[in-house]
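# Observations on the three-dimensional arrangement
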Amino acid sequence: MVTTKMRHNVPESAPGILFQVISYFTSKRSEPLYPRFLRYIEEAHRDGMIGDGRYAVALGKAAKLNRFLIIIGQRSMTAREFTTDMVLEFRQFLYDEYKYVPLYPHLYPRGSGHHWPKKRLRDTTVVHDLKLLQAFFAELENADEIRRSPFRKLSMEKRRIIMHTMYDAPAFLRAEELKVVIATDVPVELKWAKDLFVLNCAIGCRIGDLLRLTMDKVAVSEDGIPYVHYIPSKTARLQNSNVEVMTPLIEPALEIIERTGLHFMDHNLHYGKQRYNKSLRQLLRYCGITRQVCLFCQESGDNIYKPICEVATSKLARKTHIDMLNKVQINYYAAGLHRTGSDAVFRYTNLELKDRYELMKAAFGV
């Protein structure tokens with residue numbers, strides 16, 4: 001707000017500049033919510049706050065907000081008009097959007113790779129959507145585009161409830177189960193999924209990073225140890241240095257790389273991951289990996305058990321890799337050398353590539 005005192009400090013020769021400043025802030029505050037949200041996401045991507053993958057996901061979350069505003073007849077609503085009650089209404093919409101798909105077919109066109117909700121969303125998905133919106137309003141508040149974020153007007157108890165997430169117990173393949181997958185001769189249509197999954201278990205990176213790997217990221221150390229090196233895309237722009245992750249390559253990872261040249265799929269990355277998840281479940285089922293894993297059911301409010309081959313996703317390989325390595329190394333905390341969570345453990349020692357190579361061979365039994 002421009003005060004009388006501030007006006008006295010402005011030279012009489014500059015009324016045009018003052019008018020432009022006032023017009024600029026007025027236009028920002030009257031900008032409809034959805035375009036302003038999109039601009040926030042675009043700027044976050046441009047400034048390196050989010051990578052390409054998170055950018056694509058954020059655009060999808062913004063589209064949900066746009067559909068919500070259209071359905072309630074508030075497409076021109078501004079950020080200043082979005083109240084705490086609207087936050088709660090939007091939250092309920094996220095849970096129940098699947099109910100609106102048949103009612104508003106023009107908002108949910110079929111085909112073109114669209115995958116609209118078919119059932120009530122999980123808590124974790126809804127909370128992630130709300131956290132992005134919360135960060136957006138916090139940015140507007142810091143920039144004085146709004147007086148106060150609608151999230152800050154929620155009571156502490158209500159905010160704790162709506163932003164609460166309950167995670168399932170981590171699901172991973174046991175060493176003997178992974179060996180079954182490696183040893184099983186699978187049909188031609190599943191060979192690419194098997195190669196991708198086994199390689200991912202051996203490297204342990206996120207699936208997006210694995211699909212971006214090229215042969216120039218494969219090298220051999222002075223000790224003759226083959227390895228891959230890369231900067232994780234999720235945290236690349238947040239790192240303080242260009243230090244890469246270096247992961248030694250054991251058999252059968254090396255054999256897969258030499259045979260495939262790291263070419264697994266030529267589709268769009270996001271479509272490719274969806275296709276991979278489906279094929280991964282078929283692969284595990286074919287290999288007889290049907291062990292029951294625990295999942296939380298929101299409808300019943302209790303745990304249920306399903307075969308791992310029905311719920312596996314691309315994250316399974318990374319979890320398997322971490323679990324296998326954890327089980328073959330000394331747990332310094334359990335040994336009583338340091339209190340749990342102490343950073344001193346990592347200051348006292350450092351696993352070099354040769355050490356990690358031996359550790360991975362022990363974990364995978366090669």
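Residues numbered from 1 in each chain as written. Predicted model: local features only at pLDDT ≥ 70, side-chain atom pairs only at ≥ 80, totals over all residues. Heavy atoms only, no water.

## A look at the environment of Lys315
Locating Lys315 in the fold gives a position in helix α14 (residues 315–328). For Lys315, a relative accessible area of 56% puts it in the exposed group. (Helix = DSSP H or I, 4+ residues; strand = E, 2+ residues; numbered from the N terminus. Buried < 20%, exposed > 50% of the residue type's maximum accessible area, 1.4 Å probe, protein only.)

## Things to note about helix α16 (residues 353–364)
With twelve residues, α16 should reach 16 Å at 1.5 Å per residue; the first-to-last C-alpha distance of 16 Å fits that figure. Buried within α16 are the following residues: Leu353, Tyr357, Leu359, Met360, Ala363 and Phe364. The buried residues of α16 all sit within an arc of 165 degrees when viewed along its axis, so they share a single face. Of the surrounding secondary structure, the elements contacted by the buried residues of α16 are α8 (175–183), α9 (188–203), β2 (226–230), β3 (245–248) and α14. (Expected span 1.5 Å × (residues − 1). Arc of directions from axis to C-beta. Contact = heavy atoms within 4.5 Å.)

## Focus on the sheet that holds β3
Here we have three strands laid out as an open sheet, ordered β1-β2-β3, and antiparallel in their pairing. A strand with exactly one partner marks an edge of an open sheet, and here the two such strands are β1 (218–220) and β3. Put simply, the sheet's adjacent strands are angled 35 degrees from each other on average, direction ignored. Strand direction decides the pairing type here: β1 and β2, joined by three bridges, are antiparallel. Note that in β2 the partner of Val218 across the bridge is Val228. (Pairing = 2+ DSSP bridges. Axes fitted to C-alpha atoms, helices over the stretch in contact; angles between N-to-C directions.)

## Structural notes on the confidence of the model for the protein
Looking at the protein, pLDDT values average 83 and 79% of them are 70 or higher. Low pLDDT (under 50) marks residues 1–11, which in the prediction has four contacts with non-local residues, meaning those over four places away or in another chain. In this model, residues 267–271 is a region of pLDDT below 50 whose contacts with residues beyond four sequence positions or in other chains number five contacts. (pLDDT = per-residue confidence, 0-100.)

## Re unusual backbone geometry
Glu251 connects to Pro252 through a cis peptide bond whose omega is 10 degrees. Looking at the element boundaries, Pro252 is found in the loop between β3 and α11 (253–260). Although it is not a glycine, Asp144 adopts a positive phi angle of roughly 60 degrees. Within the secondary structure layout, Asp144 lies in the loop between α6 (123–142) and α7 (156–162).

## Comments concerning the packing of aromatic side chains
One pass over the structure, following the stated rule, counts 13 aromatic pairs. Seen from their ring centres, Phe37 and Phe136 are 4.8 Å apart, and the 50 degrees between their planes marks the pair as tilted. You can see Phe37 sitting in helix α3 (residues 33–46) and its partner Phe136 sitting in helix α6, a full 99 residues away along the chain. Taken individually, Phe37 and Phe136 each receive the classification buried, so the pair is uniform in this respect. On the basis of an interplanar angle of 55 degrees and a centroid distance of 5.2 Å, the ring pair of Phe68 and Phe90 is categorised as tilted. With Phe68 in helix α4 (residues 52–71) and Phe90 in helix α5 (residues 84–96), this pair connects stretches of sequence that are 22 residues apart. Exposure remark for Phe68: the relative accessible area of 3% places this residue in the buried category. We classify Phe90 as buried; its relative accessible area is 2%. Here the aromatic cluster, defined as three or more aromatic residues joined through ring pairs, consists of Phe37, Tyr40, Phe82, Phe136, Phe137 and Phe151. When the ring centre of Tyr95 is taken as origin, the NZ or CZ atom of Arg120, which lies over that ring, is 4.2 Å away. (Phe/Tyr/Trp six-rings, centres within 6.5 Å; stacked < 30°, edge-to-face > 60°. Lys NZ or Arg CZ within 6 Å of the ring centre and 35° of its normal.)

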